[in-house]
Amino acid sequence: MWKTYITASSVDEALAALAAGGEQARIVAGATDLILEIELGVRKGIETLIDVTRIPGLDEIHLDEEGRLHLGPLVTHNDCAASDLVRRHALPLAQASWLVGAPQIRNRSTVAGNLITASPANDTIPALMALGASVVLRSNDGERTVALQDFYTGLRKTVMRTGEMLVDIHFPALQPERERGAFIKLALRRAQAISVVSGALVLALEGGSIQRAAVTLGAVKPTIVHAEAAEAFLGGKTLDSETIKRAAELAVEAAAPIDDIRSSAAYRLEMVKVAVRRMLQDLAADEQPLHMPANPVLLNPGTALKGTVAAEHGGAAPIQTTINGEALTINSGQEKTLLRWLREDALLIGTKEGCAEGECGACTVFLDGEAVMSCIVPAPRAHGAEIVTIEGLSAAGGLHPVQKTFIEAGAVQCGYCTPGFVMSAAKLLEERPHPTRAEAQEAITGNLCRCTGYYKILDAIQQAGEVQP
């Protein structure tokens, strides 16, 4: 694991630490990929992590005077899914962000991190490439802007240099009266799934005729690609059935997929046609906004703490934090994940380790007011933070309403997954006290159970909502 963990208080401080650490240093925000890769031994030789999550102002989304939409490097996928600006002026990005992982993952994972990881299956890259995005890279030597289509050099490879930090993502905002966009993801399950095929479309229209088209495809080559033949064909056309059919066929020319554990190459080729056809049909009917909820479940009621806590943790530097309302100083475990630190050093064993890969949700806790999966959060992030675990959920007068209804509804069998489900449900009720069945289902898409079949869990969540004032 890492040797030193630095919580930066400014971009300049982060860049100085990055320059000092060289190839052995990495910037972390959500860290949802990097921590897992370090845990599994895929990433070796990383000694310094530089946490930028406490730097003020990096989580902003804004529209500038030139009509460009900007995303700071700490903008999360949940931020994008919930943003009125993004939904109005960059719907493909909102849709792609909404389909990343599950609520707990989206509370931590950043769009910038999704771009830098550079997997062709990452959801936001096709959307941002179709939108014509650029990224701003900064180091101690200066700043440069790179078009996203020029950012990737191969599978999980980018043009980023040692010492650089991505500090901005920007692109022309879509004008709803004459531009439309859509994103699609085909995967093996509803949530927590990697794309089998993904795609994004942006059309500029005038008088019903297509003036410009961008068609991008993910998970069909080592990098995200433009379907250039389909883009050229759509120019000057109207979206009738024959045009849609032919454009979908032409899109296949841009794909050269592989066989892997998720799909055969032949299936992917067929699904490229299906994906492009569906997006074009949605755009023709102006129905693309229907594919995501108007008020998405975030498991983040908007009360997350934003304080700045600069610190360096290495060796025996203590982690000072508040857990379940109690101020604690713990002198060990700085090199662990938050999950293992809570269990082994804070001695709070209610939070369970199921997959240790951010897949099952058994380790869900509240970190600064947001539901997160603690197995992919570095323990030093607890410094200066407020954490609630399953042990702290009960009120002074007894069990939390969700805990009571889980018992009453028989929503517990082996019980191993229960702490994570209860934490997700409790945060949902904090966000919206009387959730619908669909909202309860969305809230637990990041939680897996091998026993109950979920029906009684959903019953318990709704019953808890019914007894709330």
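Owing to the predicted nature of the structure, the values given are computational and were not obtained by experimental measurement.

> Can you tell me about the overall build of the protein chain, naming the residues and giving the values?
Counting secondary structure elements, the protein chain contains 16 helices and 20 strands. Relative to its length of 469 residues, the protein chain is compact, with a C-alpha radius of gyration of 23 Å against a globular reference of 23 Å. With the C-alpha coordinates of the protein chain rotated into their principal frame, the extents come out at 65 × 55 × 45 Å. Counting only residues that meet the buried cut, the protein chain has 57% of its 469 residues in that class. Partitioning the intrachain contacts of the protein chain with sequence separation of at least 6 by distance along the chain shows that 64% fall at a separation of at least 24. Entry remark: accessible area of the protein chain is about 19,200 Å², with carbon and sulfur atoms responsible for 50%. In the protein chain, which carries 42 positive and 55 negative side-chain charges, the distance between the mean positions of the two groups comes to 5 Å.

> Can you tell me about helix α14 (residues 418–431), naming the residues and giving the values?
In an α-helix, one full turn covers 3.6 residues, which means residues spaced three or four apart are oriented alike. With 14 residues, α14 extends 20 Å between its outermost C-alpha atoms, agreeing within 8% with the 20 Å of an ideal straight helix rising 1.5 Å per residue. Within α14, 13 of the 14 residues are buried, which leaves it mostly tucked inside the rest of the structure.

> Kindly report on the environment of Glu 164, identifying the contributing residues and their values.
Assignment of secondary structure puts Glu 164 in the loop between β9 (157–158) and β10 (165–172). Along the chain, Glu 164 and Gly 369 lie 205 residues apart, while their C-alpha atoms are 31 Å from each other. Among residues more than four places away in sequence, those in contact with Glu 164 are Leu 18, Leu 137, Arg 138, Ser 139, Arg 144 and Val 159. Separated by 2.7 Å, the side chains of Glu 164 and Arg 144 make a polar contact. Engagement of the side chain of Glu 164 in a polar contact is seen with the backbone nitrogen of Arg 161, the distance being 2.8 Å.

> Tell me what's going on with the sheet that holds strand β19 (residues 370–373), and back it up with residues and numbers.
With mixed pairing, 5 strands are arranged side by side in an open sheet as β17-β16-β20-β18-β19. Each edge of the open sheet carries a strand with a single partner, namely β17 (326–330) and β19. Along the sheet, successive strands turn relative to each other by an average axial angle of 35°, direction set aside. Alignment of strand β16 (residues 319–323) against β17, held across 5 bridges, turns out to be antiparallel. Bridged to Thr 321 within β17 is Leu 328. Here α14 sits on the sheet and contacts β18 (364–367), β19 and β20 (386–388); the angle it forms with β18, its principal contact strand, is near 40°.

How each quantity is defined
- Here the residue numbering is sequential within each chain, running from 1 through the sequence in written order.
- Per-residue local features are limited, in this predicted model, to residues with pLDDT of at least 70; the limit for side-chain atom pairs, both in listing and counting, is 80 or more; totals at the level of whole chains, interfaces and linings are taken over all residues.
- Think of the side-chain values as coming from all heavy atoms in the structure, minus any hydrogens and water.
- Helix and strand definitions here come from DSSP, where helices need a minimum of 4 consecutive H or I residues and strands a minimum of 2 consecutive E residues; each element is numbered from the N-terminal end.
- Our radius of gyration is a C-alpha quantity, and the globule rule it is checked against amounts to 2.2 Å times the number of residues to the power 0.38.
- Burial here depends on accessible area, computed with a 1.4 Å probe over protein chains only, as a share of the maximum for the residue type. Under 20% is buried, over 50% is exposed, and the range in between is partly exposed.
- In what follows, a contact means two residues having at least one pair of non-hydrogen atoms within 4.5 Å.
- A 1.4 Å probe and the Shrake-Rupley method give the accessible areas. Residues count as covered only by the protein chains that appear here.
- Two residue types count as positive, namely Lys and Arg, and two as negative, namely Asp and Glu; His and chain ends fall outside the count.
- Throughout, a charge is located at the NZ atom of Lys, the CZ atom of Arg, the CG atom of Asp or the CD atom of Glu.
- Here the expected length of a helix is defined as 1.5 Å per residue gap, with one fewer gap than residues.
- Polar contacts here mean pairs of N or O atoms no more than 3.5 Å apart (in protein, one a potential hydrogen donor and the other a potential acceptor; neighbouring residues in sequence count only if both atoms are side-chain atoms).
- Here, any two strands with at least 2 DSSP bridges between them count as paired.
- Axes, fitted as lines to C-alpha atoms, cover a helix only where it is in contact. Angles between the N-to-C directions of the axes lie from 0 to 180 degrees.

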